[in-house]
Amino acid sequence: TLTVYDTLKQLVPMATDGYILGWLARFGFRDDDVKKTVAVLSGGEKSRLYLSILIHEKPNLLILDEPTNHLDIMMMDALLDALQDYDGTIIFVSHDRYFIKELSSKYWVFHKIVEENRLITTIREIDKTLEELLELAYSEPETEKAKTMQVNNRKKKTNPWILEQLQNDIELHHKELSNLHLELHGIQARLSQSETYSSPELYRELIVKSDSLEKSIADVRTELDTMETRYLELSYD
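Summarised in this report is the structure supplied together with it. (Residues numbered from 1 in each chain as written. Predicted model: local features only at pLDDT ≥ 70, side-chain atom pairs only at ≥ 80, totals over all residues. Heavy atoms only, no water.)

The final tally for this structure, using the stated rule, is 8 salt bridges. As a salt-bridge pair, Glu45 and Lys36 come within 3.1 Å of each other at their nearest N and O atoms. Looking at Glu45, the relative accessible area reads 13%, which means it is buried. With a closest N to O distance of 2.7 Å, Asp96 and Arg221 form a salt bridge. You can see Asp96 sitting in the loop between strand E2 (89-93) and helix H5 (97-103) and its partner Arg221 sitting in helix H9 (residues 200-235), a full 125 residues away along the chain. Neither Asp96 nor Arg221 differs from the other in exposure class; each is buried. The network of salt bridges with shared partners includes Asp33, Lys36 and Glu45. (Salt bridge = Lys/Arg side-chain N within 4 Å of Asp/Glu carboxyl O. Buried < 20%, exposed > 50% of the residue type's maximum accessible area, 1.4 Å probe, protein only. Helix = DSSP H or I, 4+ residues; strand = E, 2+ residues; numbered from the N terminus.)

Here the focus is helix H2 (residues 17-25). For H2, the set of buried residues is Ile20, Gly22, Trp23, Leu24 and Ala25. Those residues of H2 that are buried lie in contact with helix H1 (4-9), helix H3 (43-57) and helix H8 (160-191). (Contact = heavy atoms within 4.5 Å.)

What follows covers a nonpolar patch on the surface. On the surface, Leu61, Ile63 and Ile91 cluster together into a nonpolar patch covering about 300 Å² of accessible area. Structurally, Leu61 is set in strand E1 (residues 61-65). (Patch = residues over 30% accessible without salt bridge, like charges linked within 9 Å, V, L, I, M, F, W, Y side chains within 5 Å. Areas by Shrake-Rupley, 256 points an atom, 1.4 Å probe, with all protein chains shown as cover.)

A full pass over the atoms with the stated rule returns 2 aromatic pairs. The interplanar angle of 45° and the centroid separation of 5.6 Å between the aromatic rings of Trp23 and Phe27 together place this pair among those described as tilted. Assigned by exposure class, Trp23 and Phe27 land together as buried. For the pair Phe92 and Phe99, a centre-to-centre distance of 5.5 Å together with 90° between the ring planes defines the contact as edge-to-face. By relative accessible area, which is 2% here, Phe99 ends up buried. (Phe/Tyr/Trp six-rings, centres within 6.5 Å; stacked < 30°, edge-to-face > 60°.)

Quick look at the structure:
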C-alpha cells in the first residue's frame, strides 16, 4: 500500500524531499510515478524500485551475472551510476564493453591452454586496460593444438581483410556507444538534481534529449550486436 516515494522515505525518514526525489529519478521514477502505490506497478517498475532500495542499503558485496541483460537504456545507465557510487565489492560478468570499462577496476580472463594434450580453460587476473585486453584477444596467437582443433571443423577460410574491416567497424561503434552514454549520463545527472524540477521548460528539454539519446544508443547496440555475431560466425567458418 506504500507509494514509491514512501517506500524509500521509510528507509531514510530524515532525508529531504529533494534527496528522495533525486534518488528515485535516477531509477526512472519522476513526477506522478513517485505517487503510485507499489501494488499497481508493473513488473519492470517493481524491479527498478527494488534495485533502487538494494543499492541504497549498500551491502558490502554484490555478485552480478550479466546485469544489463533485459534492461532498457535508462535502467542500464541508472544501474551503472548507482554501482559507480557504491563503496562495496562487485564481482560481475558482462558482454557490454561500455559497462565493463566504466565499472571495472580488475579483470579476470578466461584463457584456453593445452595441457597434457587436452584443451582446458583457466581463469587469471590480468593487469591491463580493457583496450589492451581486447587487442590481445584479437591478436594473440592460439596454441597449435587449439588451432588444429578449430581448423578440423572449418569448411572454408575467411579472408583476413574482411575480418579486419569488420573488427574496425565494431571498434568504431563501441566508441560511438561510449560517447552517447557519456552524453546521456550528463543529461541524467541534471535530471537527478531537485532544482531541475523548478523549471518545467528545462525539464521537458532534458527529457526530449534523454529520449533521443536512448533511441540512438538502442540503434547502435542493435547494429553492434549484428556485427559482433557476424564476426564470430566468420571467425569459425
